[in-house]
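Examination of the molecular architecture
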Amino acid sequence: HLVLHTSGIVSDSDADYDTYPKPDPNNDLDAYLRPLLAQQKYWGDAKPGTAKSYSNLGVALAALVVERVTGKPFNTYCNENIFTPLGMNDTRWFFKELGPAQQDRVAIPYEGAGDARVRLLHYGFEDWPSGQLRSTAVDYARLLAMLMAGGAPVLSQTSVGTFETVPLLIEAEGGTFNHSGGEAGVTAFGQYNKGGAGYVFLVNNEIAD
């Protein structure tokens, strides 16, 4: 239910840019999610398994499940099992995990345009697995190339097939798979198809639709 967005958990908490931690979250996932999800307002009207509704909090809870199963922090698990094997050396969940030169290269997020453009601070979220990842177009392309090639060296071909067929956490139509995201001063989009073509679109501003 968590990876299919049928958990019944609402999409987001009440937090926004003004209250986001900067640049990284302050709590671990369990300390944040346990008291939050004990509140009825974070559960929608639909019972688990009865309706699909995108949930960033559900994604964060799925990452906590990974932590419980593996006995490792989710960011450590991703570093060891995804980012390092794929050569995604500029990709990390936390700003503090990047070296000084990498931190200097992280794009500054902006809101607005022209004379009204506002420079924002680097920030994160307490439910960080739902969208805090810092990466580059080249690194993101390595991830897409892995999926297009059948999963090696981090996934089995069966796992990729399940990921694309269900689909899990992505949008799928006619052999094309994509996912998008946006936050204060950030727009991201990645897409690939079964023919072996894909692209990555990263912008340090907000673009509607």
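Higher on the page you've got the structure.
Let me begin by describing the structure that accompanies this report. (Residues numbered from 1 in each chain as written. Predicted model: local features only at pLDDT ≥ 70, side-chain atom pairs only at ≥ 80, totals over all residues. Heavy atoms only, no water.)

For the rest of this paragraph, the subject is the pairing of strand E4 (residues 176-183). Direction of pairing for strand E3 (residues 171-173) relative to E4: antiparallel, over a ladder of three bridges. Each residue of the ladder has a partner; that of glutamate 173, found in E4, is threonine 176. Hairpin connection of E3 to E4: two residues between the antiparallel strands, including glycine 174 at a positive phi of 60 degrees. Pairing of E4 with strand E5 (residues 186-193) involves eight bridges; the strand directions are antiparallel. Each residue of the ladder has a partner; that of glycine 181, found in E5, is alanine 188. (Pairing = 2+ DSSP bridges. Helix = DSSP H or I, 4+ residues; strand = E, 2+ residues; numbered from the N terminus.)

A grouping of Val3, Leu4, Val166 and Leu169 is seen on the molecular surface, where their side chains present a nonpolar patch of about 260 Å² in accessible area. Structurally, the position occupied by leucine 4 is in the segment before helix H1 (29-37). (Patch = residues over 30% accessible without salt bridge, like charges linked within 9 Å, V, L, I, M, F, W, Y side chains within 5 Å. Areas by Shrake-Rupley, 256 points an atom, 1.4 Å probe, with all protein chains shown as cover. Salt bridge = Lys/Arg side-chain N within 4 Å of Asp/Glu carboxyl O.)

A few words now on the environment of alanine 172. Following the sequence through the fold, alanine 172 ends up in strand E3. Sequence-wise, alanine 172 and glutamine 191 are 19 residues apart; in three dimensions their C-alpha atoms are separated by 9.7 Å. When residues no more than four places from it in sequence are discounted, the contact partners of alanine 172 are Glu164, Pro167 and Phe177. (Contact = heavy atoms within 4.5 Å.)

With that settled, the discussion passes to helix H2 (residues 56-70). With 15 residues, H2 ought to run about 21 Å at 1.5 Å a step, and its terminal C-alpha atoms sit 21 Å apart, in line with that. Inspection of H2 places Asn56, Leu57, Gly58, Val59, Ala60, Ala62, Ala63, Leu64 and Glu67 among the buried residues, and these make up the whole buried set. The inward-facing, buried residues of H2 contact H1 and helix H3 (74-83). Following H2 by one or two positions, glycine 71 adopts a phi angle in the positive range, close to 75 degrees. (Expected span 1.5 Å × (residues − 1). Buried < 20%, exposed > 50% of the residue type's maximum accessible area, 1.4 Å probe, protein only.)

Let us look at the nonpolar core. Across soluble globular proteins, nonpolar side chains have a tendency to be buried as a group. Leu33, Leu57 and Trp93 are the most contacted members of the largest nonpolar core, which has 27 residues in total. If you list the elements that add at least two residues to this core, you get H1, H2, H3 and helix H5 (137-148). With five residues, H1 is the largest single contributor of residues to this core. Not counting the four nearest positions on each side in its chain, tryptophan 93 is found in contact with Phe74, Asn75, Cys78, Phe83, Trp128, Pro129, Gly131, Gln132, Leu133 and Arg134. (Core = buried A, V, L, I, M, F, W, Y, C linked by side-chain atoms within 4.5 Å.)

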